[in-house]
Amino acid sequence: MSNRVLSYVLRLVDALALVALLVVANQVIPGAESYGTLPAGSTIAFSIGCVPLVYLAYVANRLFGAIGRGDTFVKENATRLKRMGAASAASAAVWVVCLVICVVMGVGDGHFSVYEVLTVALIFTVALSVICFALGLLTDRAADIKSENDMTV
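What this report covers is the structure whose coordinates are included nearby. Quick caveat, the model's predicted, so the values are computed rather than measured. (Residues numbered from 1 in each chain as written. Predicted model: local features only at pLDDT ≥ 70, side-chain atom pairs only at ≥ 80, totals over all residues. Heavy atoms only, no water.)

### Comments concerning the pattern of salt bridges
Taken as a whole, this structure holds four salt bridges when the rule is applied. For Asp-140, the salt bridge is made with Lys-75, and the minimal N-O distance between the two is 2.6 Å. With Asp-140 in helix H4 (residues 114–152) and Lys-75 in helix H3 (residues 75–105), the pair connects residues that are 65 residues apart, well separated along the chain. Judged by its relative accessible area of 38%, Lys-75 falls in the partly exposed class. (Salt bridge = Lys/Arg side-chain N within 4 Å of Asp/Glu carboxyl O. Helix = DSSP H or I, 4+ residues; strand = E, 2+ residues; numbered from the N terminus. Buried < 20%, exposed > 50% of the residue type's maximum accessible area, 1.4 Å probe, protein only.)

### Points about the packing of aromatic side chains
Under the criterion given, the structure shown has one aromatic pair. For the pair Phe-46 and Trp-95, a centre-to-centre distance of 5.8 Å together with 35 degrees between the ring planes defines the contact as tilted. Of the two residues, Phe-46 is situated in helix H2 (residues 42–68) and Trp-95 in helix H3; the sequence distance between them amounts to 49 residues. On the basis of relative accessibility, which here comes to 19%, the residue Phe-46 falls in the buried class. (Phe/Tyr/Trp six-rings, centres within 6.5 Å; stacked < 30°, edge-to-face > 60°.)

### Describing the side chain of Ser-91
Position of Ser-91 among the secondary structure elements: in helix H3. On the basis of relative accessible area, Ser-91 is assigned to the buried category, the value being 0%. If we skip the residues at most four places from it in the chain, Ser-91 touches Gly-49, Pro-52, Leu-53 and Thr-125. (Contact = heavy atoms within 4.5 Å.)

### Some details on the side chain of Ser-42
Residue placement: Ser-42 occurs in helix H2. The residues contacting Ser-42, other than those within four sequence positions of it, are Ile-29 and Glu-33.

### Section: a nonpolar patch on the surface
A cluster of nonpolar side chains, contributed by Met-1, Val-5, Leu-6, Val-9 and Val-13, occupies part of the molecular surface with about 460 Å² of accessible area. By the element assignment, Val-5 lies in helix H1 (residues 3–34). (Patch = residues over 30% accessible without salt bridge, like charges linked within 9 Å, V, L, I, M, F, W, Y side chains within 5 Å. Areas by Shrake-Rupley, 256 points an atom, 1.4 Å probe, with all protein chains shown as cover.)

Structure, rendered in structure tokens:
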């Protein structure tokens, strides 16, 4: 698969993930909250937790564009990956705060598995953050090696 095709596929997946996130934030969560299956304030909390993920999608799109141009192992991509990791970590922090609030408020079993959903979101965003930071570090080192090799030639 060429870099250009890979870039198109990655951008498509990124766009689909962003659309799914926006549908859940604007349709699913408010609907569940209005039916009483989610506690009051869930829509606002979910939206706050998604803001860093929207930023992550934007940065990822720029990263995927660079890959399509053949700019794979460059410092800018390492920086992008680190920003993506920070955005994911920020989202994880929101999910932790939401979990604490739910525990303090005593959200019960009648609320659509709130603890389970928040825990899955937390695990996902923490894992994504670790992966992005690790890939950022590897990309940074690869860019250094590439730069050294370019100077040697």
